[in-house]
Each structure stands twice: as C-alpha cells, then as structure tokens.
Amino acid sequence: MQQLDILAGIPPLPPREIGEACAKQCLENAEALANFDAEGARKFIHGWLIRHGKQSGETLVNVAKAHGYAPHEDRAFGSIFSTLARRGLIRCVGFCERAKGHGTAGGRIWDVAR
C-alpha cells in the first residue's frame, strides 16, 4: 500500500519564510479579532525601551498588554518585535530564561538600537 503525498509538486518553504508568514497571519488576526493597534504597540515598546532600558520580550509583552495593547494572543507580538528590529529601532542584546513557554528556547532581551 502506498500513501499519497498531498504536497507532491509543491516546493517547501524555508523555515524562516514559514515563520514570517505565520507571524503575519497572527498579526492580521489580532487586528481583525481584537482591534489590536500594531503600530501603536510598536511605538509603545520602542518608547518603553528608550525610557526604561533593556527588557525581556516577555516583560515588554506584559507591560504593553497592561497599557492596553492586548491582541487575541501574545504570539502576535512576534511580528511587533521583528518589525522594530528590521527597521533598526531595537536589537536583541542577549537571552534569558523564559517565564512562559514550558521548556521552549530562551527568551530574548531587547534594547534600543539607536
């Protein structure tokens, strides 16, 4: 017996492209389902880092949510951080133990890039 491959003939995407596509979809869902202000969240996180210095991503997510930037799920912030980093506004300066994530890889520490 032979199994049919439903993805036959479809080229696989590189992992980074898959992640970027998923992050984009998650952010679009946050904006549609929770009326999430992505640009406002970007400005808030950048401003927070300017005023308070380097912070873990999880801390920044928690502070942003406490100040009203609450998407339908926390993973929507991945696109926020990647956009700020791509724009050269923030950069990863280290890694830390995660408070959330149940054994997933370490969390990032972010700081202002300029």
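Criteria and thresholds
- Residues numbered from 1 in each chain as written.
- Predicted model: local features only at pLDDT ≥ 70, side-chain atom pairs only at ≥ 80, totals over all residues.
- Heavy atoms only, no water.
- Helix = DSSP H or I, 4+ residues; strand = E, 2+ residues; numbered from the N terminus.
- Contact = heavy atoms within 4.5 Å.
- Areas by Shrake-Rupley, 256 points an atom, 1.4 Å probe, with all protein chains shown as cover.
- Expected span 1.5 Å × (residues − 1).
- Buried < 20%, exposed > 50% of the residue type's maximum accessible area, 1.4 Å probe, protein only.
- Arc of directions from axis to C-beta.
- Pairing = 2+ DSSP bridges.
- Phe/Tyr/Trp six-rings, centres within 6.5 Å; stacked < 30°, edge-to-face > 60°.

The next point concerns the overall build of the protein. Looking only at helices and strands, one finds four helices and three strands in the protein. If you take every contact in the protein between residues at least 6 apart in sequence, the share linking residues at least 24 apart comes to 56%. Of the accessible surface of the protein, which amounts to about 7800 Å², a share of 55% is contributed by carbon and sulfur atoms.

Our next topic: helix H1 (residues 15–33). With 19 residues, H1 extends 27 Å between its outermost C-alpha atoms, agreeing within 8% with the 27 Å of an ideal straight helix rising 1.5 Å per residue. Listing the buried residues of H1 in full gives Cys-26, Leu-27 and Ala-30. Taken down its axis, H1 places every buried residue within 100° of arc, on the same side. Set apart from the buried face of H1 by more than 90 degrees, the exposed residues are Lys-24, Ala-32 and Leu-33.

This paragraph deals with the sheet that holds strand E3 (residues 107–112). Pairing is antiparallel in the open sheet, where three strands are placed in the order E1-E3-E2. Of all strands in the sheet, those bounded by a partner on one side alone are strand E1 (55–56) and strand E2 (90–96). Pairing geometry for E1 and E3, over two bridges, is antiparallel. Residue Gln-55 lies in a different strand from E3, and its bridge partner there is Trp-110.

Another aspect to go through is the packing of aromatic side chains. Evaluation of the coordinates by the stated rule reveals four aromatic pairs. Where Phe-36 meets Phe-77, the ring centres are 5.6 Å apart and the plane angle is 75°; that geometry is what we call edge-to-face. Taken together, the positions of Phe-36 in the loop between H1 and helix H2 (38–52) and Phe-77 in helix H4 (residues 77–86) put the pair 41 residues apart, joining distant regions of the chain. Here the two residues Phe-36 and Phe-77 agree in accessibility, since each one is buried.

None of this, on its own, says anything about what the molecule does.
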